[in-house]
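# Tertiary structure, described
Chain residues, written in single-letter form:
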Amino acid sequence: MNKAKIMKHFLIYTAAVLILFTACEQEYETPEGATLGSHHMVYGSSDRNRVQVGDYLTFLDASTGVVERQWDLPGDSVSNIQGGGLNDTLATAQQINVVFNKLGMYEINLFQQFEDSMFYTLKDFHSDTTAYDTVLSVEVIDTVRLINISAKYEGNNLTLESGAKNVIKAGESVEFSIDEVTGAGATPEWTLNGAEPTLLSGLAGTAVYKTIGTYDLYVESTRFNPKGIDSLFIKDFIEVIPSDKPVTIISAYEKDDEIGIEFSRPIKASSVDKNEFEVVIEEEDGTIINPTIEIVKLDSEDPSKMTISLVDEIILDSDEVTVNYVKGNLESEDFYPLESFSTDVEFLFSNLLAPKGPNSTGWSMENTDEWENPKWGNAIKWNTNSSYVYSGSQSAYMDNSAVTSWTQAALPKLTVEAGMKLKISAWIFVKNYDVSTSSFQVYFQAYSAPTQVESVGPNVPVGGTTTTGDWVYYEKEITVADGVVFYWPMVRVLGSGEAYIEDVSISEVVERP
């Protein structure tokens, strides 16, 4: 067989081809007196040339002017024509279904002899040859399988069978894990009825079961192309029973001038009495306020969460707030009475740099995507670094050692209103700087619309008497000027040196009337 040219190309998947697959069981016959010429068109039924082991791909030779055709498939039991034997690797039909039996990368060869010189339709060029070889690359991947699913309570493996009703005590946690997912499957998604959180994503995670009852388990991993799925469903997997351990406070926090308290187990609604609670507010100057409690209520969907509302009182993040409970009727749904407690309230202020919700530690430096390149001046997109960290595992690293002027990186643009008071805060670590530089500073600068530019900072200037090698907290309040509709805050490094920045926050300041 005299091969004039070999051309490799990927399989092309189109809706039109699928229509052809259903219509082309026989060779197309040109009407008498008409001619289509020799056109090369070869298609496959799968995008990205991927097939799951044990499944098949359909290949169609939609070319015109073909007088001879032969498909040559991988041997050694790798593939075979659907309906044929394992050694059936040669075919001459216009359309074939090929079953793939082994993992790996393989090639399907198609030889065509045309009536006259061939036009390569997909590549849009004309060849002076009448014989052509096409090589189609195919990837055969494993099935999607969840390997070694496990669930542990107090270090012991739970039984993964429907009806097992593994017993755990209310308020206790279960650890879930999967060793691996084969076949390029997606991240496993867990549905844990009765648990918190109800949904988990990943190979491992922990969930707490707070409420008495019996609950199911479902986990799955899917793959879009080629389509594949593996899953596990266990009915009546967990049975939660009353606990003999004390009810504890997970957190107490302020939100929108209300106080939230989360307990380790659900609270019985009929046991809540607002008269058994007291809220004490201590202002920054030491003044004590004893506000009247309007209502104490439980979350209708999660009764382990309590909200305390006050009468005509606001709470500022400069306040120290305490909630006191004197032992009375309060008890959990599993009938455990709560002892007297006194707990301080944490302020989960809304960081305007984190539009997804409240953030108690400020703008995270765990991901470089949080920084933008303003695209002017010595603009940079800073990298995260773990060498010097104030919180979490990463900080933003600002390397200005090779620049004697300044560099800057931008934070997200903020929508603001005239008269709004903003507090900007951050932790900054200066590693070193060029002592010959007249000044070295890390500071904030806010560009606003329509035309105003307001310098915010500088923060603690680093000079000959300022010690390097330590984290320094910076905080400054500004007032939004008339006509300003947005701020675009920048963090700028002036002078030659290296520094790190953590927990950047911009929040609205509310003052007590």
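Just so it is clear, the model here is predicted, and its values are computed rather than measured.

### What to know about the overall build of the protein
When its secondary structure is counted, the protein shows one helix and 42 strands. A buried classification covers 44% of the 513 residues belonging to the protein. Contacts in the protein between residues at least 24 apart in sequence constitute 69% of all its contacts with a sequence separation of at least 6.

### Considerations on the sheet that holds strand 42 (residues 497–508)
Backbone-to-backbone hydrogen bonds join strands into a sheet, with any given pair of strands oriented parallel or antiparallel. As summarised here, the arrangement of the five strands in space is 33-34-42-37-40, forming an open sheet in which the pairing is antiparallel. A strand with exactly one partner marks an edge of an open sheet, and here the two such strands are strand 33 (383–385) and strand 40 (471–479). This sheet shows a mean twist of 40 degrees between the axes of neighbouring strands, independent of strand direction.

### Quick look at the pattern of salt bridges
Any two side chains of opposite charge can pair, so long as their charged atoms come close to each other. Taken as a whole and assessed by the stated rule, the structure comprises twelve salt bridges. The residue Asp-244 makes a salt bridge to Lys-169 at a minimum N-O spacing of 3.2 Å. Taken together, the residues Asp-244 in the loop between strand 23 (228–241) and strand 24 (249–255) and Lys-169 in strand 16 (residues 166–169) connect sequence positions 75 residues apart. You can call Asp-244 exposed: its relative accessible area is 53%. Overall, Lys-169 belongs to the partly exposed group, its relative accessible area being 27%. Among the ionic contacts, a cluster of salt bridges with common partners joins Glu-196, Lys-210 and Glu-262.

### Here we look at the pairing of strand 34 (residues 395–399)
Regular strands have side chains that alternate between both faces of the sheet. Strand 34 sits mainly inside the fold: four of its five residues count as buried. Two elements, strand 34 and strand 42, share four bridges in a ladder whose sense is antiparallel. For Tyr-397, the partnering residue across the bridge sits in strand 42 and is Tyr-500.

### Quick word on the pairing of strand 25 (residues 258–263)
Here strand 25 lies mainly inside the structure; five of its six residues are buried. In textbook terms, the turn of a hairpin is the stretch between consecutive antiparallel strands, and for strand 24 and strand 25 this stretch comprises two residues, one of which, Asp-256, has a positive phi near 55 degrees. The pairing of strand 25 with strand 29 (residues 305–310) spans five bridges and is classified as antiparallel. Within strand 29, the residue paired with Glu-258 across the bridge is Ser-309.

### Let's talk about the environment of Gly-213
Along the polypeptide, Gly-213 turns up in strand 22 (residues 213–223). Taking the C-alpha atoms as reference points, Gly-213 and Asp-236, 23 residues apart in sequence, are found 9.5 Å from one another. Leave out the neighbours within four places in its chain, and Gly-213 touches Ile-238, Glu-239 and Val-240.

### Here we look at the nonpolar core
Of all hydrophobic cores here, the largest spans 26 residues; its most connected members are Ile-259, Phe-277, Val-279, Met-306, Ile-308 and Val-323. Mapped onto this core, the elements with two or more residues apiece are strand 25, strand 26 (277–282), strand 28 (293–298), strand 29 and strand 30 (320–325). Apart from residues lying up to four places away in sequence, Ile-259 is in contact with Tyr-253, Val-279, Met-306, Thr-307, Ile-308, Ile-315, Val-321, Val-323 and Val-345. By size, the runner-up hydrophobic cluster in this structure holds 25 residues, among which are Tyr-153, Phe-176, Trp-190 and Tyr-209.

### Focus: the sheet that holds strand 18 (residues 189–192)
The mixed open sheet is built from five strands, whose spatial order is 16-23-22-18-20. Because the sheet does not close on itself, it has two edges, and the strands there are strand 16 and strand 20 (199–201). The average angle at which neighbouring strand axes cross in this sheet is 25 degrees, direction not considered. Alignment of strand 18 against strand 20, held across three bridges, turns out to be antiparallel. Counterpart to Thr-191 in the pairing with strand 20 is Leu-199.

### Regarding a negative patch on the surface
A cluster of acidic side chains, namely Glu-282, Glu-284, Asp-285, Glu-320 and Asp-344, defines a negative patch on the protein surface. One can find Glu-320 in strand 30. A residue is classified by how much of its surface remains accessible, and Glu-320, at 55% relative accessible area, is exposed.

### Here we look at the environment of Thr-384
In this fold, Thr-384 is placed in strand 33. Placed 14 residues apart in sequence, Thr-384 and Met-398 show a C-alpha to C-alpha distance of 9.0 Å.

### Observations regarding the packing of aromatic side chains
A complete count under the given rule lists 15 aromatic pairs for this structure. The interplanar angle of 45 degrees and the centroid separation of 6.4 Å between the aromatic rings of Phe-176 and Phe-237 together place this pair among those described as tilted. In this pair, Phe-176 sits in strand 17 (residues 172–182) while Phe-237 sits in strand 23, placing the two residues 61 residues apart along the sequence. Per residue, the accessibility class of Phe-176 equals that of Phe-237, and both read buried. Feature note: the residues Tyr-388, Tyr-390, Tyr-397, Trp-427, Phe-429, Trp-471, Tyr-473 and Tyr-500 constitute an aromatic cluster, connected by ring pairs.

What counts and how
- Residues numbered from 1 in each chain as written.
- Predicted model: local features only at pLDDT ≥ 70, side-chain atom pairs only at ≥ 80, totals over all residues.
- Heavy atoms only, no water.
- Helix = DSSP H or I, 4+ residues; strand = E, 2+ residues; numbered from the N terminus.
- Buried < 20%, exposed > 50% of the residue type's maximum accessible area, 1.4 Å probe, protein only.
- Contact = heavy atoms within 4.5 Å.
- Pairing = 2+ DSSP bridges.
- Axes fitted to C-alpha atoms, helices over the stretch in contact; angles between N-to-C directions.
- Salt bridge = Lys/Arg side-chain N within 4 Å of Asp/Glu carboxyl O.
- Core = buried A, V, L, I, M, F, W, Y, C linked by side-chain atoms within 4.5 Å.
- Patch = residues over 30% accessible without salt bridge, like charges linked within 9 Å, V, L, I, M, F, W, Y side chains within 5 Å.
- Areas by Shrake-Rupley, 256 points an atom, 1.4 Å probe, with all protein chains shown as cover.
- Lys, Arg positive; Asp, Glu negative; His and termini not counted.
- Charge placed at Lys NZ, Arg CZ, Asp CG, Glu CD.
- Phe/Tyr/Trp six-rings, centres within 6.5 Å; stacked < 30°, edge-to-face > 60°.

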